[in-house]
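Notes for the structure review
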Amino acid sequence: MSSDSYDILRRAVVEALGPRATPERRRQIAAELRALAEQQERMAERAETQPASDATGRRAGHAAGMYIRIRHEPDPHTGARRIRLLFGKQVWFDLGSPERIVIQRVGAEIWIVASKGEGGLRVETDVGLPGCIVPDGTPLDRLAPGRYAATLRAGALVVGARSG
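Residues numbered from 1 in each chain as written. Predicted model: local features only at pLDDT ≥ 70, side-chain atom pairs only at ≥ 80, totals over all residues. Heavy atoms only, no water.

With that settled, consider the sheet that holds strand β7 (residues 146–153). Across the sheet, 8 strands lie side by side as β5-β3-β4-β8-β7-β1-β2-β6; this open sheet has antiparallel pairing. The outermost strands of the open sheet, each flanked by one partner alone, are β5 (121–122) and β6 (131–134). When strand β2 (residues 81–87) meets β6, the two strands line up antiparallel, connected through 4 bridges. Looking across to β6, one finds that Ile83 is bridged to Val134. (Pairing = 2+ DSSP bridges. Helix = DSSP H or I, 4+ residues; strand = E, 2+ residues; numbered from the N terminus.)

Take the packing of aromatic side chains next. One pass over the full model with this rule turns up 1 aromatic pair. Ring centres of Trp92 and Phe93 lie 5.5 Å apart, and the angle between their planes is 50 degrees; on these two criteria the pair is classed as tilted. Overall, the relative accessible area of 10% leaves Trp92 in the buried class. Lying over the aromatic face of Tyr67, Arg147 brings its terminal NZ or CZ to 3.8 Å of the ring centre. (Phe/Tyr/Trp six-rings, centres within 6.5 Å; stacked < 30°, edge-to-face > 60°. Buried < 20%, exposed > 50% of the residue type's maximum accessible area, 1.4 Å probe, protein only. Lys NZ or Arg CZ within 6 Å of the ring centre and 35° of its normal.)

Attention shifts here to the pattern of salt bridges. Scanning the model with the defined rule gives 5 salt bridges in all. Here Glu73 and Arg82 are joined by a salt bridge, their closest N and O atoms 3.0 Å apart. In this pair, the class of Glu73 matches that of Arg82, namely buried. Among the ionic pairs, Asp75 bridges to Arg82, the shortest N-O distance being 3.9 Å. Members of the salt-bridge network, linked through shared partners, are Glu73, Asp75, Arg82, Arg84 and Glu124. (Salt bridge = Lys/Arg side-chain N within 4 Å of Asp/Glu carboxyl O.)

Next comes the structure, spelled out in structure tokens:
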């Protein structure tokens, strides 16, 4: 592992642990890291078994769904502004099609990761694109509505530049 990758992962783990990590929290983070490692192994195996021409064609189509969309909409009950986060289908599949997600700031970046158990935000998949309502106080608060490029790094979805 390159030192850059190690540093990025170490910072993410330290941030996820918090200031006073309990043994339970450390075990939970270790289990989540194992799950992410297994996901990356499966993705690498799939990539190795794809024929070269098919992989090239897939990559070209892959960019089409590699985005998130942020919408501001009124809450139907209070009328207050709320944020809806929508995932491009491909990026959601690459993230592992999680039922729940966690949005966190890692350095200057915004990362979206799959959440295990009952924590995080529930992703709705019953209508249109997968998405969820994001409460105030998340790093997405500062982003303007629109479409943002997204890449997968270290098992996390990294929000990129606005593209529309």
